Amino acid sequence: MARNQTLTQNLDWIAVLIYILCVMMGWFNIYAAVYSPEVPTSIFDMAHNAGKQLMWIGTTILLIIAILVIDHKFYDTFAYIIYGIVLLMLVAVLFIGADINGSHSWIKIGAFSIQPAEFAKLGTSLALAKYLSDPTVSLTRSWKEYLPIAGFVGVPSLLILVSNETGSMLVFAAFAIMLYREGLPGIIPAVGIIMAILVVMTLLVSNWFIVAGIVIIAGLIIWFMPKTTRRQGGLLATLVVAFIMMGVVIGVDFFINNILQKHQRSRIMVLVDPDSDPRGAGWNVIQSKIAIGSGRLIGKGFLEGTQTKFDFVPEQSTDFIFCTVGEEHGFIGAAIVVVLFMGLIARLVILAERQRTRFARVYGYCVAGIMFFHFMVNIGMTIGLMPVIGIPLPFFSYGGSSLWSFSILLFIFLKIDSQRPYTLSRT
Amino acid sequence: MLENRRFIIIGFFIFVGVAYLFRLFYLQVLDESYTIESSSNSIKRVIEIPFRGQIYDRYGNLIVYNTPVYDLLVTPYKAKVQDTLTFCRLLGIERRDFDSLMTAARTYSRVKPSLFLRQLSKEDFARIQDIMVDYPGFEFAKSSLRTYSAPVLANTMGYVSEITKGQMEKQEVEYYRQGDYIGQSGIEKYYEEQLRGKRGIRFVMQNVSGVAKGSWKDGELDTMAIAGQNLYTGIDLMVQQYADSLMVNKVGSVVAIEPKTGQILAIVSSPSYDPNILASRHFSKNYSMLAKNPYKPLFNRPVMASYRPGSTFKLIQALIALQDGVITPGTGFGHAGSPMKCHNHPATSTIVSAVQYSCNPYFYQVFKRIIYNNDTKDTYKASAEGLNRWNEQVSKFGIGQRLGVDLPSEYKGNLPDETYYDKIYGADRWKFSNVYSLSIGEGELLITPLKMANVAAIIANRGYYYTPHVVSGVGEKNKPLPEYTVKHETGIEARHFETIIPGMVGAVEAGTVMGLARIKDVQIAGKTGTSQNKIGKDHSIFIGFAPADNPKIAIAAFVENGVWGGTAAAPVATLIIERYLKRKTENKPLESYVLSRNYMPNVIVPGTKSPTKKDTAKKKPPVTAPIATTKKDGANKPGLTVASSGN
């Protein structure tokens, strides 16, 4: 019965519209980022990133059509096979990878270079969705149930780490969002976040302040704790947690100050405090903040940016593309981008929740989590709220691999979602 | 149950999104500092330094001008010098210098160009320009260097150097920036505002490496640099050079003034130095060399050195006495009754012969009459009253105060009045007998050579003067500062001048001036002086003007430790007058006499106890004689006669 439907029927137009807006805005901003007022070039000039991006957009449209043509059951059926191919590519890149920008993670096929790491997200998402769609699999009974999950996520992320793409590896943390939705105890992501905050604070503030803070908070918790809870081990648990946290703080401090070499220490310091090395590693963040900050409310105008054009901001058309938005279009432009992403991600969560199959829901959450993680880290980095981790901003950043992989990731889900009325619920 | 986690998840997403919106709002809208940083980042203010005004002499010859020079800049991160030794040899620097210059540049910035070598001459530039192409990271920037056409007027023109930290802090309107040049002395300092012009500012966009990327806002906010104004001086460069050559081997001053206008024709501070040495990049080395020189070449003697005027002051005494009516042209005094001795000369039966022979007892009597020219009975009170009145009259000759010449650091000198002596002796405890040495220009009087030249100009003008000034035109010819067009009267009638001038003519022709010091067909009126000096031989002074009936030049010459006014200072002044009036030197014997005189051994310099000839001649060689360099520099200047003894 699916045969006589048109390709676009039941496609979620809100998501598609946001997608189109993002891609077009990205294209114009790439043009602005590489535009030189001395030698004005056309946006269609294939010698520059903007022209090339147009070509990537064209091929992406072909890919999207292909995705919409292929039957939605294909992804379910071939999930493990796709995952396997991705793993093979990740292994292959270790041997035949070309060096581009210092990382050993590109495969050259003719004139094209593709980055398997970008597609690993897709493969892993499909594999996780497939695995969890098995009705016998549950995440709520024993910690042993997480071992296969750890394997699915761990193998590709290790391979990516080996090929020196730390940023892409960290993206795999995004699966925690999906796992949380599927039953991962809330304490685990909470502990992860608290630990991350503690480490960052150790770097910024004297650890005696943090220790004192922990003691005070623990004291308050115990004070206000109901007596019954206190008697039932609540007191002991609070004290243990407090001591572990203090241990982490002192341990991290000791590690950084006594074990690391000076240059390694400064690298870490720069992640949290760019001003500690303004000419070196902190340069990117300082320049990025200057570019965005100087945009003011309405920006300097299209092609009128100075910071992003004259090479003050590095990686202007890729990882730091958001600087161009902030400088040339001001707070209004930057806010529109943030709102568009929030809209897309929220829409994806809503779509995921209305799926009738667990496969579709898990996959939907994977897509939403990955998009969110990229959005949070990339924009957070440019405005100085996140350490500098080189991952692209979906649909905006220049580059074929990232545009392709995000588009495929998104449209596979939209395709599956469009077939929802014809799918029988299994959960 | 688990479905509800979607709300936590969406809540977390929205929390991050909203946090980012707040952060963006803070960065972009609330915090303005990034806008400023952005402009300081990418908008470069390029300062256009205007050409400093040039300085001309009265005939349009250049005295001070700008020579294009080249600064060598280095951008450390681009700089690659394989063979440092060859490179150093090329630039004529030491390996040590190279290292320290590179370190300094690197400390400043690795990506921005900084100064490596300052002020390479055109010749050096031409020599190394092609070879420097092989050294990446080095580039030339055009700059300019203050250049003096003749090695004279060093202290008068002054010098220009980088602004000091103290000057930076003291400036009221923030105009100068670190590294700017500013006039530090002389005319360069006095007319700094007119000479410097107005700086232009261009705003250019630059990329991260500091490479210019076109003008900002199409140059809307740019301002053009306005060149400094040229200065036209009354200096006669040929006479000036000649006067300098005459003052070689003598410590002292010469000031020549055009009486009708107050323009300074020549002003010599000896010993001097070639002003070009303070304009070069060897400034600090040369400056400390000059500062250490025992003869103090940096001391601008014409306006800063004060001397007792000696007998030259008798002219003023005579004029005041005549004006007060305490003597008449026919008044005569004998030598008796005066504590002062006189030189051997015919009887002084009139004021004319008293001036001609510079009779000390005569002027003792004259001054006594001036002081006691009142009805007060008490001699103490009468002396005080008389002195104050006298002080007032002498002040009108510009003595005891700053004349207001357009040279910085002019000294007031000293003209004592009642309070001055009250401080020494106590009120009502002194009278004429305590202060009579003033009558012959000794005692507590202190006058600069410039003021004595002005006195000569007053007598030449028969009673008035214009404040002496070097610059007679700012921006255009004959447009001096307004204060130099004000006529100052002395309150002495012209007829009294006519009375004493014959005495001055007599002094030159048959009086205290040596016989050789004459000019054919020109009548010079003059007066010699010998300024008593406690720590060495007396100073020789001469003031005068010529021609006596229609004065074109008034002059004062001071030769320290030259003893007699008539034998040291007067010959110098005579030769300068001749050169100015006749444009040539006819009195060759006098010229060779003057050039042969060396008074340097008489000069006591700090650190030597007694001025024995051997010691000073050997230990302290005279400062660079300007005459030696005159030829080289003056020869290629059109319209200038080379001043040398053979001319």
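Residues numbered from 1 in each chain as written. Chains lettered and ligands numbered in written order. Predicted model: local features only at pLDDT ≥ 70, side-chain atom pairs only at ≥ 80, totals over all residues. Heavy atoms only, no water.

S.K.: A description of the packing of aromatic side chains should follow, citing residues and the corresponding values.
M.R.: To describe a pair of aromatic rings, you give the distance between the ring centres and the angle between the ring planes. In this structure the tally under the stated criterion is 50 aromatic pairs over all chains. Taking 5.7 Å as the distance between ring centres and 50° as the angle between the ring planes, the aromatic pair formed by F367(B) and F432(B) counts as tilted. Within this pair, whereas F367(B) is found in helix α15 (residues 360-371), its partner F432(B) is found in helix α18 (residues 432-435), the two being separated by 65 residues in sequence. Both residues of the pair, F367(B) and F432(B), count as buried. Ring geometry for Y420(B) versus Y421(B): centroids 5.5 Å apart, planes at 90°, classification edge-to-face. Taking the relative accessible area as the measure of exposure, Y421(B) reaches 0% and is therefore buried. Taken together, the ring pairs in this structure connect F341(A), F372(A), F375(A), F396(A), F12(B), F13(B) and Y20(B) into an aromatic cluster. Across the ring face of Y464(B), the terminal group of K487(B) is positioned such that the distance to the ring centre comes to 4.2 Å. (Phe/Tyr/Trp six-rings, centres within 6.5 Å; stacked < 30°, edge-to-face > 60°. Helix = DSSP H or I, 4+ residues; strand = E, 2+ residues; numbered from the N terminus. Buried < 20%, exposed > 50% of the residue type's maximum accessible area, 1.4 Å probe, protein only. Lys NZ or Arg CZ within 6 Å of the ring centre and 35° of its normal.)

S.K.: Tell me about the interface of chain A and chain B, and please be specific about residues and values.
M.R.: Taken together, the contact between chain A and chain B spans 49 residues of the former and 35 residues of the latter. Across the chain A to chain B interface the summed buried area is about 3800 Å²; carbon plus sulfur atoms make up 70%. Taken together, the links from chain A to chain B amount to 2 salt bridges. Two residues, R6(B) and E353(A), come together in a salt bridge whose shortest N-O distance is 3.6 Å. The tally of links from chain A across to chain B stands at 9 residue pairs in polar contact (both at pLDDT 80 or more). Mapped by element, the contributors of at least two residues to the side of chain A that touches chain B are α8 (175-181), α13 (283-293), α14 (321-353) and α15 (358-382) of chain A. Across the side of chain A that touches chain B, the residue classes break down as 29 nonpolar, 11 polar and 9 charged. (Contact = heavy atoms within 4.5 Å. Buried area = accessible area lost by both parts, 1.4 Å probe. Salt bridge = Lys/Arg side-chain N within 4 Å of Asp/Glu carboxyl O. Polar contact = N/O pair within 3.5 Å; in protein donor to acceptor, adjacent residues only side chain to side chain. Nonpolar A, V, L, I, M, F, W, Y, C, P; charged D, E, K, R; others polar.)

S.K.: Residues and numbers for the pairing of strand β16 (residues 525-531) of chain B, please.
M.R.: Residue and element names in this part refer to chain B. With 7 of 7 residues buried, β16 is to be regarded as a mostly interior element. Residues A525, K527, G529 and S531 line one face of β16 and the alternating positions G526, T528 and T530 line the opposite face, and both faces are buried. Pairing of β16 with strand β17 (residues 539-546), which is carried by 7 bridges, proceeds in the antiparallel orientation. In the strand pairing of β17, G529 is matched with I541. (Pairing = 2+ DSSP bridges.)

S.K.: Mind laying out the side chain of N587(B), listing which residues take part and the relevant values?
M.R.: All names here are of chain B. Mapped onto the fold, N587 is located in the loop between α21 (565-582) and α22 (588-596). According to the relative accessible area criterion, N587 is buried, its value standing at 11%. In terms of polar contacts, N587 uses its side chain to reach the backbone carbonyl oxygen of L516, at 3.0 Å. At a separation of 2.9 Å, a polar atom in the side chain of N587 contacts the main-chain carbonyl oxygen of R518. Among all residues touching N587, those that are not within four sequence positions of it are L516, R518, L575 and E578.

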